[in-house]
Amino acid sequence: MADAVILDLPGLQTLIDVLRTRGHHVLGPVQRDSALVLAEIDTVADLPRGVGDRQEPGTYRTRDRGDEALFGFAATAQAAKPVLFPPDELLWTGARTDTADVTAQQAMDTGKVALLGVRGCDLAAIGIQDTILAGRAAIDVHYTERRSAAFLIAVTCGTPAGTCFCASMGTGPKPGAGADLTLTELLDDAGHRFLVEPGTPAGAEVLADVPGAQATAADLAAAAAVVTDATATMGRHLPTEGLRDLLYASAESPHWEDVAQRCLACTNCTLVCPTCFCTSVEDVSDLSGDIDERHRVWDSCFTMEYSQLHGGAVRTSTSARYRQWLTHKLASWTDQFGMSGCVGCGRCVTWCPAAIDLTAEVGALRDEAAHRGADPRAAGGGRHPGAAAVPTPPEH
Ligand code: SF4
Ligand code: SF4
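Residues numbered from 1 in each chain as written. Chains lettered and ligands numbered in written order. Predicted model: local features only at pLDDT ≥ 70, side-chain atom pairs only at ≥ 80, totals over all residues. Heavy atoms only, no water.

1. Points about the overall build of the protein
Turning to step 1, where the next piece is worked out: Secondary structure assignment for the protein yields 13 helices and 16 strands.
Turning to step 2, where the next piece is worked out: In terms of overall size, the protein behaves like a compact globule, its C-alpha atoms giving a radius of gyration of 23 Å where 396 residues would be expected to give roughly 21 Å.
Turning to step 3, where the next piece is worked out: Projected onto its principal axes, the C-alpha positions of the protein cover 70 × 65 × 40 Å.
Turning to step 4, where the next piece is worked out: By the burial criterion, 49% of the 396 residues in the protein qualify as buried.
Turning to step 5, where the next piece is worked out: In the protein, 70% of the contacts between residues at least 6 apart in sequence involve partners at least 24 apart.
Turning to step 6, where the next piece is worked out: A total of about 17500 Å² of accessible surface is found on the protein, and carbon and sulfur atoms cover 53% of it.
Turning to step 7, where the next piece is worked out: Across the protein, the 31 positively charged side chains and the 50 negatively charged ones have centroids separated by 5 Å. (Helix = DSSP H or I, 4+ residues; strand = E, 2+ residues; numbered from the N terminus. Rg over C-alpha atoms; globule rule 2.2 N^0.38 Å. Buried < 20%, exposed > 50% of the residue type's maximum accessible area, 1.4 Å probe, protein only. Contact = heavy atoms within 4.5 Å. Areas by Shrake-Rupley, 256 points an atom, 1.4 Å probe, with all protein chains shown as cover. Lys, Arg positive; Asp, Glu negative; His and termini not counted. Charge placed at Lys NZ, Arg CZ, Asp CG, Glu CD.)

Printed below as a string of C-alpha cells:
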C-alpha cells in the first residue's frame, strides 16, 4: 500500500476534483439551517469551515469554533445510511392497460457516490450493514449495488461530542478498516493540512492522482495526538464487559417500565441509528387505480405495528419495545451477526426528545443487577467459575 501523504487545502480540492472526474458524486458534511448534514459538494468551500457542534442528551447545536477546521465536529445528523439504504425506495411500478397489467422492476440508480468525512463509528456501521444487507444468502440488491460503487473517505474524529462513546465500542475516534482513504485534519503551527492514508488499492489509485508531500514523522505524531486527545475527551463511556449477559439477565427488570415512563415511542432513535435496518413495504396507487407503486420504507421496532403477528401485536407496551431495541442492539445482535449492533455514535442520545441516554440506562441496569447480586458478570466483573447460567433471550 502507498505511503501516507500530506495534502493542503488546494490538495483536498484536487482530491474532490479527481473523484468527480472519475464519475463520483462527492457527498460531504455541509451546514444546513442549524445542523450539519451530508450533501453533495463541489468544492472545499462547501465544507463547514470553523463550525463545531454541541451534543448532549436531547440537544444538538452548531457552534462557532473560532478556527478554520473543516471537520471540527462529531457525528452529523444522519450517517451514510440514507445514502446507501434510502428511507423510501421505489421497488416497482405497475400499470393497468386495456390489454394487460404491466409491472416494471424499478431500475436502480447507477450514480456512484464518494462519501467524504465518514467518522469511525459510521464506517463501522457501514461494515455492519455490509454484513447484514450484502453479506448473507439473500442480499439486498439495491444496497449492494450502491455500496460496491461507493468510495469512502473516512476522517479521524478530533472533537467528539458529549454523547459520543465510540472509544468504548472500539470503532473510533481513529477509523478502522474499510475506508478507501483515511484523512486526519491537522491544524497547528505547521499549518492547516491533512494526513491522508490509503486503505484499499482503489484508495491508493485515487491518491496517486493527487499531488501531495510525503508525511513526516512530525505529521504522523501530530495525527496520533489528535486520536489521543479525542479519546481523552470522549463524552460518554459504556463498559462492554458482560454486556450481552447483563441484557439477557435483565429481561424482567422493573427498569424497562421506568424508561417507558419517559419514552415517547417516537422512533427517532432508530431513524438516526446508522445500524438499524428494519423496513416495511407500502403499496400506493393513483386515484384511478391504474398505476401502482411498491415502496420499501424504513420502519421501527418502537411502533406497535412492527410487532404485529397473526392475532395481534406481540410487543404492546413501550417498555417491551424499548427492551426489545436495547436488547437487540447490545445482546441478541451479537448472537445473530457476531458483532455489536451499536457503534457508539451517540445519535440516539442526542436526538431523543426525552433525553433518554443508552449509556445511562445500561448503567441503571448494571446497578440494579449488582444490587440484586443476580449475576456477578452483570455487575462489571468477569466470568468466574460457577457463575449462574445466563437466561435465554426473552420472548417478546
Ligand atoms: S428512546 Fe427517545 S428517541 Fe427512542 S423512541 Fe423513546 S423517546 Fe423516541
Ligand atoms: S444505538 Fe445509538 S449510539 Fe449505538 S449506533 Fe445506534 S444511534 Fe449510535
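2. Some words on the site of ligand 2
Turning to step 1, where the next piece is worked out: Every residue close to ligand 2 is listed here: Phe-165, Cys-273, Pro-274, Trp-325, Lys-329, Cys-342, Val-343, Gly-344, Cys-345, Gly-346, Cys-348 and Leu-358.
Turning to step 2, where the next piece is worked out: Residues that form the shell around ligand 2 fall into these classes: 9 nonpolar, 2 polar and 1 charged. (Near = heavy atom within 4 Å. Nonpolar A, V, L, I, M, F, W, Y, C, P; charged D, E, K, R; others polar.)

3. Some points on the pattern of salt bridges
Turning to step 1, where the next piece is worked out: All chains considered together, the criterion is met by 21 salt bridges.
Turning to step 2, where the next piece is worked out: Notably, a salt bridge pairs Arg-96 with Asp-290, separated by 3.3 Å at the nearest N-O pair. Of this pair, Arg-96 sits in strand S6 (residues 88-96) while Asp-290 sits in the loop between strand S13 (279-285) and strand S14 (291-298), placing them 194 residues apart in sequence.
Turning to step 3, where the next piece is worked out: By relative accessible area, Arg-96 is classed as partly exposed at 48%. (Salt bridge = Lys/Arg side-chain N within 4 Å of Asp/Glu carboxyl O.)

4. Regarding the nonpolar core
Turning to step 1, where the next piece is worked out: Counting 30 residues, the largest nonpolar core has Leu-115, Ile-126 and Ile-132 as its most contacted members.
Turning to step 2, where the next piece is worked out: Of all the secondary structure elements, the ones that give two or more residues to this core are strand S8 (112-118), helix H3 (120-134), strand S9 (151-155) and helix H11 (318-337).
Turning to step 3, where the next piece is worked out: Not counting residues up to four positions away in its chain, the partners in contact with Ile-132 are Phe-277, Trp-333 and Phe-337.
Turning to step 4, where the next piece is worked out: In this structure, Leu-238, Tyr-248, Trp-256 and Leu-358 belong to the second largest nonpolar core, which totals 29 residues. (Core = buried A, V, L, I, M, F, W, Y, C linked by side-chain atoms within 4.5 Å.)

5. Here we look at the packing of aromatic side chains
Turning to step 1, where the next piece is worked out: For the coordinates displayed, the defined rule picks out 9 aromatic pairs.
Turning to step 2, where the next piece is worked out: Ring centres 6.3 Å apart and planes at 90° place the aromatic pair Phe-71 and Phe-194 in the edge-to-face group. Here the residue Phe-71 occupies a position in the loop between strand S5 (59-64) and helix H2 (81-84), and Phe-194 occupies one in strand S11 (residues 191-198), the gap between them amounting to 123 residues. Across the pair, Phe-194 and Phe-71 agree in class, each one buried. (Phe/Tyr/Trp six-rings, centres within 6.5 Å; stacked < 30°, edge-to-face > 60°.)

6. Considerations on the packing of H3 against helix H4 (residues 141-149)
Turning to step 1, where the next piece is worked out: Running from N to C, H3 and H4 cross one another at 135°; their axes reach a closest spacing of 9 Å. Classed by the angle they form, the pair H3 and H4 counts as oblique. As H3 runs across H4, the sense of the crossing is left-handed. Counted together, Ile-126, Gln-129, Asp-130, Leu-133 and Ala-134 of H3 and Tyr-143, Thr-144 and Arg-147 of H4 form the full contact between these two elements.
Turning to step 2, where the next piece is worked out: Here the residues of the contact of H3 with H4 sort into 4 nonpolar, 2 polar and 2 charged. (Axes fitted to C-alpha atoms, helices over the stretch in contact; angles between N-to-C directions. Parallel < 35°, antiparallel > 145°, perpendicular 65-115°, else oblique. Left-handed = near helix turned anticlockwise from the far one by under 90°.)

7. Notes on the environment of Ala-77
Turning to step 1, where the next piece is worked out: Within the secondary structure, Ala-77 is located in the loop between S5 and H2.
Turning to step 2, where the next piece is worked out: Residue Ala-77 is classed as buried on the basis of its relative accessible area, which comes to 14%.
Turning to step 3, where the next piece is worked out: Separated by 273 residues in the primary sequence, Ala-77 and Thr-350 place their C-alpha atoms 9.2 Å from one another.
Turning to step 4, where the next piece is worked out: Leave out the neighbours within four places in its chain, and Ala-77 touches Leu-36, Val-37, Val-272, Arg-347 and Trp-351.

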